[in-house]
Amino acid sequence: MHNAAYAALGMSRTYAAFRVAPANLAAALRAIPALGIIGVNLTVPHKQTAARLIKDLRGEARILGAVNCVVNRRGVLRGDNTDARGLEQDLRDLGCDLHGRLAIVIGAGGGAASSVLACIRLGASRIVIANRTPARAATLARRFSAKGARAQGEPRGLDALMDSELLAGARLIVNATSMGLTTGRFARLDYSSTPSDCLFYDLIYAAQPTEFIKPALAAGRQATDGAGMLVNQGELAFKLFNRIAPPAGVMRAALFDALGR
Ligand code: NAP
């Protein structure tokens, strides 16, 4: 999608993927100014390590302790994060009003941190963070309580996904884990206990409905994958890299074309 925007703007820049082993992240980051690369996006599992390696962290990267976007400004690396804004915008576009409502975020990594921030910004009055490792959910919850946020994250294990009383109040359930992608199936979740206006949002994006959203659609709930978030965070990153906005709709069209939509 970045290359589609460069082509549309007639810019001779290119966006390429590099596979980097965790042990090589620091060396890869040092290579950015040396190679004259204007910026990079980082994905699983590098976002949180990068936040420890990069000194100049901008607003959301500092709040989230995770970097998805590194910009090279005259040889100095800046760490930023466009995931939360990308998700927030997609949820707004989907008409998801969280004022006074409960949001459940599944996961406790970088994607989950962005999801919690997006839910706070959308006015959620209660946010439950459900994770396989409850201690990580507690650490993530503390990150936001320290910032004096209106809604504080409540850490739980994945058993929360079978808690019918809790689910009955949920306006939004976000999957911010790689479950389904790497495991072939999702955790047990009592879809039928959720209210009819509950939106199921999977950060994973794929050509077919994901393991998380398939049962939600079957239960008649609104459900979507993370393609919209991906486009939004990519457009924000494009602007940070190039100091110019991508032409409207070009990146979305390129991604949706690749996903066969
Ligand atoms: P991460 O920091 O590595 O966190 C992974 C999370 O998944 C952790 O909470 C982990 O639980 C959980 N998990 C992994 N395998 C599991 C399993 N077998 N059973 C239960 N829980 C499991 O990853 P991330 O950066 O947050 O990314 C999470 C997902 O979001 C990825 O699929 C990524 O592609 C997607 N994402 C999409 C976008 C987008 O633009 N659409 C943006 C960001 C991320 P533990 O803590 O117990 O290990």
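What counts and what doesn't
- Residues numbered from 1 in each chain as written.
- Predicted model: local features only at pLDDT ≥ 70, side-chain atom pairs only at ≥ 80, totals over all residues.
- Heavy atoms only, no water.
- Helix = DSSP H or I, 4+ residues; strand = E, 2+ residues; numbered from the N terminus.
- Rg over C-alpha atoms; globule rule 2.2 N^0.38 Å.
- Buried < 20%, exposed > 50% of the residue type's maximum accessible area, 1.4 Å probe, protein only.
- Areas by Shrake-Rupley, 256 points an atom, 1.4 Å probe, with all protein chains shown as cover.
- Lys, Arg positive; Asp, Glu negative; His and termini not counted.
- Charge placed at Lys NZ, Arg CZ, Asp CG, Glu CD.
- Pairing = 2+ DSSP bridges.
- Axes fitted to C-alpha atoms, helices over the stretch in contact; angles between N-to-C directions.
- Contact = heavy atoms within 4.5 Å.
- Near = heavy atom within 4 Å.
- Polar contact = N/O pair within 3.5 Å; in protein donor to acceptor, adjacent residues only side chain to side chain.

Asks: Would you mind going over the overall build of the protein with me for this structure?
Replies: Check the secondary structure of the protein and you find 11 helices and 10 strands. For 261 residues, the compact-globule formula gives about 18 Å, and the C-alpha radius of gyration of the protein, at 18 Å, lands near that figure. Counting every position in the protein, which comprises 261 residues, the buried fraction comes to 50%. About 12,300 Å² of surface is accessible on the protein, with carbon and sulfur atoms providing 52% of the total. Distance between charge centroids for the protein: 10 Å, based on 32 positive and 19 negative side chains.

Asks: Explain the sheet that holds strand β9 (residues 199-202) to me, please; I cannot follow it from the model alone.
Replies: In space, the six strands of this open sheet follow the order β7-β6-β5-β8-β9-β10, with parallel pairing throughout. Looking at which strands have only one partner, the edges of the open sheet turn out to be β7 (153-156) and β10 (222-224). The sheet shows a mean angle of 15 degrees between the axes of neighbouring strands, taken without regard to direction. Pairing geometry for strand β5 (residues 102-106) and strand β6 (residues 126-130), over five bridges, is parallel. Bridging across to β6, Ile106 finds its partner in Ala130. In the packing of helix α6 (residues 110-121) onto the sheet, contacts are made with β5, β6 and β8 (170-175), and the angle to β5 comes to roughly 170 degrees. This element, helix α7 (residues 134-145), spans β6 and β7 of the sheet and lies at about 170 degrees to β7.

Asks: What is the right way to look at the site of the ligand in this model?
Replies: Neighbouring residues of the ligand: 24 residues in total, closest Gly111, Asn131, Thr133, Arg136 and Leu203. Contact between the ligand and Asn131: an oxygen atom at 2.7 Å from a side-chain N or O atom of the residue. One of the backbone nitrogen or oxygen atoms of Gly226 is found 3.0 Å away from a nitrogen atom of the ligand. Protein chains shield 85% of the accessible area of the ligand, which is 930 Å² for the free molecule. Where the shell around the ligand is concerned, the elements lending two or more residues are α3 (47-53), α6 and α10 (227-242).

Asks: I'm lost on the sheet that holds strand β4 (residues 76-80) in this one. Help?
Replies: Adjacent strands of a sheet form backbone hydrogen bonds with each other and so pair up, either parallel or antiparallel. Spatial ordering of the open sheet is given by β1-β3-β4-β2, a layout of four strands whose pairing is mixed. Strands with a single pairing partner mark the edges of an open sheet, and in this sheet they are β1 (39-41) and β2 (56-57). Examined bridge by bridge, β1 and strand β3 (residues 69-73) share three bridges and lie antiparallel to one another. What sits directly across from Val40, in β3, is Val70. Along the sheet, α10 makes contact with β1, β3 and β4, crossing β3 at roughly 10 degrees.

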